[in-house]
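Given next are the chains, with one letter for each unit.
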Amino acid sequence: MSPDVPLLNDYKQDFLLKRFPQTVLGGPRLKLGYCAPPYIYVNQIILFLMPWILGGIGTLLYQLDILKDYHTAALSGGLMVLTASVIQGTSLYAKGKSVMVQRMLATDILAEEDKHEFTSCASAETVRFLIPGKKYVANTVFHSVLAGLVCGLGTWYLLPNRITLLYGSPGGTVILFILGWMTLCIGEYSLIVNTATETATFQTQDTYEITPLMRPLYIVFFVSVDLAHRFLVTVPALEQMNQILHVLFIFLPFLWALGTLPPPDALFLWAVEQVLVFGLGGSTMSTHLRLVVMFVISAATAVISYFIPSTIGVVLFMTGLGFLLSLNLSDMCFVFKHSVTRCRASTKSKALPSDSEKQFTWKECLVCIIMLGLALLETGLLHQYAVFSQVSRSSSQAIVGCILILLLLILCILREIQSIYIFGLFRNPLYPKDVQAVTVFLEKQAKLLKIGVLRRILLTLVTPFAMMAFLSLDSALQGLHSVSVSIGFTRAFRMVWQNTENALLETVIVSVAHLLISNTDSWWNRSLDTGIRLLLVGIICDRLIQLMSKLQFAITILVASWTEKKQHRKTTTTLCLLNLIFSPFTLVIIVFSTLLSSPLLTLFTLPVFLVGFPRPVQSWPGAVGTAASACADSVYYYQTVPRLTAALQTAMAAGSLGLLLPGSHYLGRFQDRLIWIMVLEHGYTYCCVNIKGLELQETSCHTAEAQRVDEVFESAFEQEENVKLYSLNKHFGNVLTPCTVLPVRLYSDARSVLSGIIDSHEHLKEFKDDLIKVLVWILVQYCSKRPCRPEHVDSSENKERTPVIILPALNSLPPPTPVEDTHSLNSLASDDWSDGSIFDDAPTINRGKEEQIQFNYLASTNLPIPGSVDSWRVDDHSTGTVLENDFYRTVLLGYPAVDKGKQEDVVYIPLVEFSCSQSRFLSLPEEWRSACVSVSKMKEMSSLFPEDWYRFVLKQLECFPSEEKSSSVLEEIAKDKSLKDLYVHTVMTCYVSLFGIDNMAPTPAHIQRVYNGILPWSSALDWLTEKPELFQLALKAFRYTLKLMIDKASLGRVEDFKELSTCLKEYDSDWYIGLVSDEKWKEAVLEEKPCLFSLGYDPNMGVYTGRVLTLQELMVHVGKLNAEAVRGQWANLSWELLYATNDDEERYSIQAHPLLLRNLTVQAADPPLGYPIFSSKPLTVRLC
């Protein structure tokens, strides 16, 4: 890729140059790109200034002392409501007219979309162009009323006397008045005339017309502060805030145009999330619904704690609710629901979870109850101790603080030694050096995991109780509590369990500050209680972590744009110099973005930094895991996720992935697969994650970044023994920092070229011989596993079995047939049918007398319809008396019906006589016995049938329960000639169907076509395709034979029948051999079949390839990504696609970037902006 590829193509540049002025002005389209009548612009200017005109009337009356200020606001608001109603009514009238706007002919697509033909200044076409109107009538009314409210309050807000009273400067009043009304006009135009496309776009579609409310809501917020100051004059903070906001008010259009201020939906979710995390001690939630519900419950907890009169009651209430809300409540509800279901309907046990799952869940619940009881007991006792021991209370709290400092150091050390790098910079000397030696690596890693168990015990059992002791001994809980105490300590007791590591850090900082700041008159000790101190420290720590990540992200972009040749554009030098000259301004942008906890937006991923609008940690509006660009490769991630989740459980519990914070991103890599992991929610002993799978069919950009990922991991994990003990991270500037290696049972993907095997004449000749053997083996196995099964082979129990039909052999002569019966047979002489043997269903010309006699014999045997009442009958034949069961009789497609003249028409079936009574259990289905190959051809092909192999396969069967007599029975079955003839007929017919009637040596192309299910034309093709089950068995045998040929060429020849049988059994039990596109391939992957094989062809290289998937334990490299780099690139992606509509697949911002991993980051975004091929629902990872 050339580094000077346009950021936007010409089409998009023209589009953006038209859209951006419209966004700045709130909706007026003053740049159309074509010549429009002057009244189009005049009408838009009049509509734009209408609020100022109406507000100016009220302002003038107020300045003349005719009206009071609130009367002025009411007058302006009422006029605005009336005007807005007229505007919306005009729009509805224009929509109702049937005149359609005619498009002007144009070659440019963009111009064709925008050009309109206007007939007059008040025509329906003009009105529809100026005022598009609302989609819903309710919004028409609501927006009109809101427009009046905004205009009235805005008039009150911008009264000159009011502004002069705030600042005491007439010049400043004029500036604020003029620019303030410009802001109001922009907000009103967007609300009632034409809504501009906002740069701050959160939802991909504005279904409920929320976007028009964005600008008026910010105006109402500014005015509300002024109203509060009017009625609460004695509060100095409100006056200062009002003065600041009046100045900031005139910059609102600038902030709207830059996309710094969030839309209402994003603002709501962001505000709820920030208050829940930093004000109430909770965590970000995995879904928006959980977030809102948890916020309501947490806020109610803080409110209730304020009204509890007893101090001991407050402490116990905060402790209990803090612990319960930090648990995964959905799991608790799941247990409760199923326990109630089991009590109400014990018979429906199948609908409940398995016993192991219930025991595990109930065991967890029991542990939680015990922990809750111990926590309540500890806080209650220590609180009472603090009440009665005023002297030693402070010293006891100081001692607990020292213990917490020691715990923090120990936990930090134990966490850092679990990962490959200490603090992301120095290589851990205790970590195994080379992961290639899997056995040695796992042994060394097991030792580290034992240390991780100690860390987990300290973190989940010791540290929370130590912190609760610190809080319970605090003096602020001894007297009457205030609002600050209720908020601060509700958060503190919740954080102890919700995020123990962060809470420990905050508590240690507060404890150290208390020891260092001994002056009791200082602001820290006098004005703040411990709960509020912890709250402030928590916010500061979070913002400092964000600031460091944002600075690293900004520096990486600057350095990469200068040092990386492929990222060096013509404008790079200018941009770098500007950033250097205006570095204080750039730093201010980064700090402001940090304070708002909003992403640092890098425009087109260039070193142009903007403040993105605040949004939830998830960055996307949709529910997690509901959308993905699914394809055939998605199934591999479906199989991966459960195994990977189990491995993540061990790594997260041990601390191998570092500090687990909601919003953290991790990247997993193994073979050609890339896995994106995001932490959504964190609580006591659990963590919710979302796992995404990126595409396997790598593009050039994807490949370039994947290679860089491999380099980063290889430099970290694959080192020689003579490397320095404390080596540095060579890729420290990369957004990816290696963490650990996870052993996961996954599919390895191996591809090989089959040249020299599939095109070898020797191998192809053996292939034909082996195919017949495999066909025999598969058909025998199929028949032995059919539902009809012998329970015993003892002859004494023959009376309880279904009798077998024993008829004279088809080559023996039956008794003479009456002359009248031969007449009907003679009429069939012209038909090409023969029934001399089981193969003689094929067409033939000459008939012998023996064949006619045999037909006459069958005609004299009255065979009832299968399944009829008279299905059991005793017939006397020369061979003896036989019980017949017509269940085994089926009409065969190859045999003609016999016309008996005046007798009743009956279908006659030549039935096979088995010399062994047990042969019927291995007999082929009767619908497979029809013939389609000529007798001569069948006799010729039958010489290829491997009789020794056939007998060997039969003797190896284990379908008879009685082991003592099964061998003798199988010996008798193997000698049954009739059964063998059936197999010869079916096997050789399938053989002809697969290779054709000419029996020529197969070519590689022929093998691939048949492997794919495309059979050559032959007389047996229709015969086989009409039997779907047999067709699948034949295709399965063909594929098994191909795999056998490849294995023989690679591993050596098969020595004897036993080895061949073992090999085929392995294929049947441990392999799926088929096509990657088959549904059964996906099923085999999900069922975790040990091995899979597929044949392919590479048209570029002109070679045949084999693909083998093997289920084995693989090493998955996992690294932590810079969360702010991900959020910043996602913010640019949202702006670029939703606002600039720059969806060019070759755009600059999606090209490979070795340090930012830009292409992979774009892929991992939620659809429709990103395109991961797999995205999981929120997955709960238990950390205990």
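Treat the numbers as computed from the prediction; the structure is a model and nothing was measured.

Enquirer: Lay out the overall build of the chain with the relevant residues and their values.
Expert: Looking only at helices and strands, one finds 40 helices and 15 strands in the chain. For the chain, the proportion of its 1184 residues judged to be buried stands at 54%. Pairs at least 24 residues apart make up 75% of the contacts formed inside the chain by residues separated by at least 6 positions. Here the chain has roughly 53700 Å² of accessible surface; of this, 63% comes from carbon and sulfur atoms.

Enquirer: Describe the pattern of salt bridges, and please don't skip the residues or the numbers.
Expert: Pairing of side chains with opposite charge becomes possible as their charged atoms draw close. Counted by the stated rule, this structure contains 34 salt bridges. Across the salt bridge formed by Asp 948 and Arg 951, the nearest N and O atoms sit 2.8 Å from each other. Here Asp 948 and its partner Arg 951 are both found in helix H31 (residues 947-955), three residues apart, which amounts to about one turn of the helix. Taking relative accessible area as the criterion, Arg 951 reaches 29% and is therefore assigned partly exposed.

Enquirer: Let's hear about the nonpolar core: which residues, and what values?
Expert: In a soluble, globular protein the nonpolar side chains are often hidden away together inside. Core analysis: the largest hydrophobic core is formed by 78 residues, its most contacted members being Tyr 983, Met 988, Phe 1038 and Leu 1042. Counting residues per element, this core draws most heavily on helix H27 (residues 761-784), at 13 residues. Excluding its chain neighbours within four sequence positions, the residues that come into contact with Tyr 983 are Leu 779, Val 780, Cys 783, Leu 922, Leu 924, Phe 945, Tyr 950 and Met 988. Counting residues in hydrophobic clusters, the runner-up holds 63 residues, among them Leu 32, Leu 153, Ala 200 and Phe 249.

Enquirer: Talk me through the packing of helix H12 (residues 264-279) against helix H22 (residues 530-563); I want residue IDs and the actual numbers.
Expert: The contact between H12 and H22 brings their axes to 10 Å, and the two run at 120 degrees. Here H12 is positioned oblique relative to H22, judged by the angle of their axes. Note on element contacts: H22 touches H12 through Leu 535, Gly 538, Ile 539, Asp 542 and Arg 543, opposite Gln 274, Phe 278 and Gly 279. Its residues assigned to classes, the contact of H12 with H22 shows three nonpolar, three polar and two charged.

Enquirer: Break down a nonpolar patch on the surface for me, citing the residues and quoting the values.
Expert: Taken together, the side chains of Leu 577, Leu 578, Leu 580, Ile 581, Phe 582 and Phe 585 present a nonpolar region at the surface, about 650 Å² in accessible area. Ranked by residues supplied to the nonpolar patch, first place goes to helix H23 (residues 572-581) with four residues. Here Leu 578 shows up in helix H23. Exposure remark for Leu 578: the relative accessible area of 39% places this residue in the partly exposed category.

Enquirer: Residue-level account of the packing of aromatic side chains, with values.
Expert: Considering all chains together, one arrives at 35 aromatic pairs under this definition. Centroid distance Phe 202 to Phe 613: 6.5 Å. Interplanar angle 90 degrees. Geometry classified as edge-to-face. In this pair, Phe 202 sits in the loop between helix H8 (170-192) and helix H9 (214-231) while Phe 613 sits in the loop between strand S4 (609-611) and helix H25 (634-654), placing the two residues 411 residues apart along the sequence. Given the relative accessible area of 5%, Phe 202 is considered buried. Judged by its relative accessible area of 4%, Phe 613 is buried. Judged by centre distance (5.6 Å) and plane angle (50 degrees), the ring pair of Tyr 950 and Tyr 983 falls under tilted. Linking Tyr 950 in helix H31 with Tyr 983 in helix H33 (residues 977-995), this pair joins segments that are 33 residues apart in sequence. Here the two residues Tyr 950 and Tyr 983 agree in accessibility, since each one is buried. Chaining the aromatic ring pairs together yields one cluster made of Tyr 157, Phe 221, Phe 222 and Phe 249.

Enquirer: Would you mind going over the environment of Leu 149 in detail, with residue names and values included?
Expert: As for its position among the elements, Leu 149 is in helix H6 (residues 137-157). Overall, the relative accessible area of 44% leaves Leu 149 in the partly exposed class. Residues Leu 149 and Gly 78 lie 71 residues apart in sequence; the distance between their C-alpha atoms is 8.3 Å.

Enquirer: Which residues make up the packing of helix H7 (residues 160-167) against helix H10 (residues 236-249), and what values do they have?
Expert: At a closest axis distance of 10 Å, the pairing of H7 and H10 adopts a crossing angle of 120 degrees. As the angle between them shows, H7 and H10 are arranged oblique. For the pair H7 and H10, the sense of crossing is left-handed. Judged by residue contacts, Arg 162, Ile 163, Leu 166 and Tyr 167 of H7 engage Asn 242, Gln 243, Ile 244, His 246 and Val 247 from H10. Looking at the contact of H7 with H10 residue by residue, the classes come out as five nonpolar, three polar and one charged.

Enquirer: An account of unusual backbone geometry is needed here, citing residue identities and associated values.
Expert: The omega torsion across Pro 1167 and Pro 1168 is 10 degrees, close enough to zero to call that bond cis. Positive phi is not limited to glycine here, since Glu 209 has a value of about 55 degrees. Mapped onto the secondary structure, Glu 209 falls in the loop between H8 and H9. Of note in this structure, Phe 604 is not a glycine but carries a positive phi near 55 degrees. Summarising the element assignment, Phe 604 is placed in the loop between strand S3 (600-602) and S4. Phe 604 gets classed as buried once you look at its relative accessible area, which sits at 9%.

Enquirer: Provide a residue-level description of the confidence of the model for the chain, including the pertinent values.
Expert: Residues of the chain with pLDDT of at least 70 account for 83%, and the chain-wide mean is 82. Low pLDDT (under 50) marks residues 347-360, which in the prediction has ten contacts with non-local residues, meaning those over four places away or in another chain.

Enquirer: I'd like a rundown of a negative patch on the surface, residues and numbers included.
Expert: A surface patch of negative charge is lined by Asp 1143, Asp 1144, Glu 1145 and Glu 1146. By the secondary structure assignment, Glu 1145 is in the loop between helix H39 (1123-1139) and helix H40 (1158-1164). Of the residues examined, Glu 1145 reaches a relative accessible area of 69% and is grouped as exposed.

How each quantity is defined
Residues numbered from 1 in each chain as written. Predicted model: local features only at pLDDT ≥ 70, side-chain atom pairs only at ≥ 80, totals over all residues. Heavy atoms only, no water. Helix = DSSP H or I, 4+ residues; strand = E, 2+ residues; numbered from the N terminus. Buried < 20%, exposed > 50% of the residue type's maximum accessible area, 1.4 Å probe, protein only. Contact = heavy atoms within 4.5 Å. Areas by Shrake-Rupley, 256 points an atom, 1.4 Å probe, with all protein chains shown as cover. Salt bridge = Lys/Arg side-chain N within 4 Å of Asp/Glu carboxyl O. Core = buried A, V, L, I, M, F, W, Y, C linked by side-chain atoms within 4.5 Å. Axes fitted to C-alpha atoms, helices over the stretch in contact; angles between N-to-C directions. Parallel < 35°, antiparallel > 145°, perpendicular 65-115°, else oblique. Nonpolar A, V, L, I, M, F, W, Y, C, P; charged D, E, K, R; others polar. Patch = residues over 30% accessible without salt bridge, like charges linked within 9 Å, V, L, I, M, F, W, Y side chains within 5 Å. Phe/Tyr/Trp six-rings, centres within 6.5 Å; stacked < 30°, edge-to-face > 60°. Left-handed = near helix turned anticlockwise from the far one by under 90°. pLDDT = per-residue confidence, 0-100. Lys, Arg positive; Asp, Glu negative; His and termini not counted. Charge placed at Lys NZ, Arg CZ, Asp CG, Glu CD.

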